[in-house]
Amino acid sequence: MNVLPCSINTLKGLYDISGVEVGQHFYWQIGGFQIHAQVLITSWVVIAILLGSVTIAVQNPQTIPTNGQNFFEYVLEFIRDLSKTQIGEEYGPWVSFIGTMFLFIFVSNWSGALLPRKIIQLPHGELAAPTNDINTTVALALPTSVAYFYAGLTKKGLGYFGKYIQPTPILLPINILEDFTKPLSLSFRLFGNILADELVVGVLVSLVPSVVPIPVMFLGLFTSGIQALIFATLAAAYIGESMEGHH
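The protein chain is annotated in an unreviewed UniProt entry as ATP synthase subunit a, chloroplastic of Decaisnea insignis. Regarding the protein chain, the UniProt comment filed under Subunit (unreviewed entry) reads as follows: "F-type ATPases have 2 components, CF(1) - the catalytic core - and CF(0) - the membrane proton channel. CF(1) has five subunits: alpha(3), beta(3), gamma(1), delta(1), epsilon(1). CF(0) has four main subunits: a, b, b' and c." Check the Sequence similarities (unreviewed entry) section of the UniProt entry for the protein chain; it says "Belongs to the ATPase A chain family."

Written as structure tokens, this is what we have:
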């Protein structure tokens, strides 16, 4: 007699889990445009954290660095080494671009991993990592493509386009397609990994709210950092490739 109610409750539980949503969106309607407010709010918070941290760290630089200054000098040195490794000796002008991409993605990813799901509620939505939205990752990938072409044209002029017929003109369509697939791969890789991490945490919260999600959230912090590093490394590698003209 108790089997049927138990089975119904089990099915109901499975149905509730299948209804888990990640990224319930909150929109602003401005004129005829629909603005994704959830992404904008979190992005502004991330930008404020980065600007505030850097302002405090460089406000009174010391000859013998303090803890905060030490940390930011280490981060700068890490980004410089990354840029130099991927771009080569002409890496200098690109450190700020690569560093901005890396830090914004890193802090954005961590904002989703550190904030438990739905802890901050918005009307019809909740705050989450900006990078779990495809619009954000595409917006990050497109400037990388612009930088890629700008670096090549600045270094080689119109001769840069000769790479499309190297080593043989037969490869022209494939070489052109390669440049179009680079921003797609950058944006979808970052979006897919961050969204998958939040989906896993969301499902585990539904199953075991108190214990299991904690180690998964720590794993999310690690993978979030790795994804920021991969994006910055690939962006620098593409820029270096366009300047050197090799694949």
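J.: Requested: an account of the side chain of T136, with residues and values cited.
T.: By secondary structure assignment, the location of T136 is in helix α5 (residues 134-156). A relative accessible area of 9% places T136 in the buried class. Not counting the four nearest positions on each side in its chain, T136 is found in contact with V39, F104, P130 and T131.

J.: Give a description of the pattern of salt bridges that names residues and reports values.
T.: All told, the structure shown has 3 salt bridges when counted by the stated rule. Measuring nitrogen to oxygen at the nearest pair gives 3.1 Å for the salt bridge that ties E90 to K155. Linking E90 in the loop between α3 (67-87) and α4 (95-114) with K155 in helix α5, this pair joins segments that are 65 residues apart in sequence. Residue E90 is classed as partly exposed on the basis of its relative accessible area of 41%. Taking relative accessible area as the criterion, K155 reaches 39% and is therefore assigned partly exposed. E241 serves as the salt-bridge partner of K182, at 2.7 Å between the closest nitrogen and oxygen. Remark: E241 occurs in helix α7 (residues 213-244) and K182 occurs in helix α6 (residues 172-207); sequence separation between them is 59 residues. You can call K182 buried: its relative accessible area is 8%.

Calculation rules
- Residues numbered from 1 in each chain as written.
- Predicted model: local features only at pLDDT ≥ 70, side-chain atom pairs only at ≥ 80, totals over all residues.
- Heavy atoms only, no water.
- UniProt positions renumbered as here; feature names shortened; annotations may be inferred.
- Helix = DSSP H or I, 4+ residues; strand = E, 2+ residues; numbered from the N terminus.
- Buried < 20%, exposed > 50% of the residue type's maximum accessible area, 1.4 Å probe, protein only.
- Contact = heavy atoms within 4.5 Å.
- Salt bridge = Lys/Arg side-chain N within 4 Å of Asp/Glu carboxyl O.

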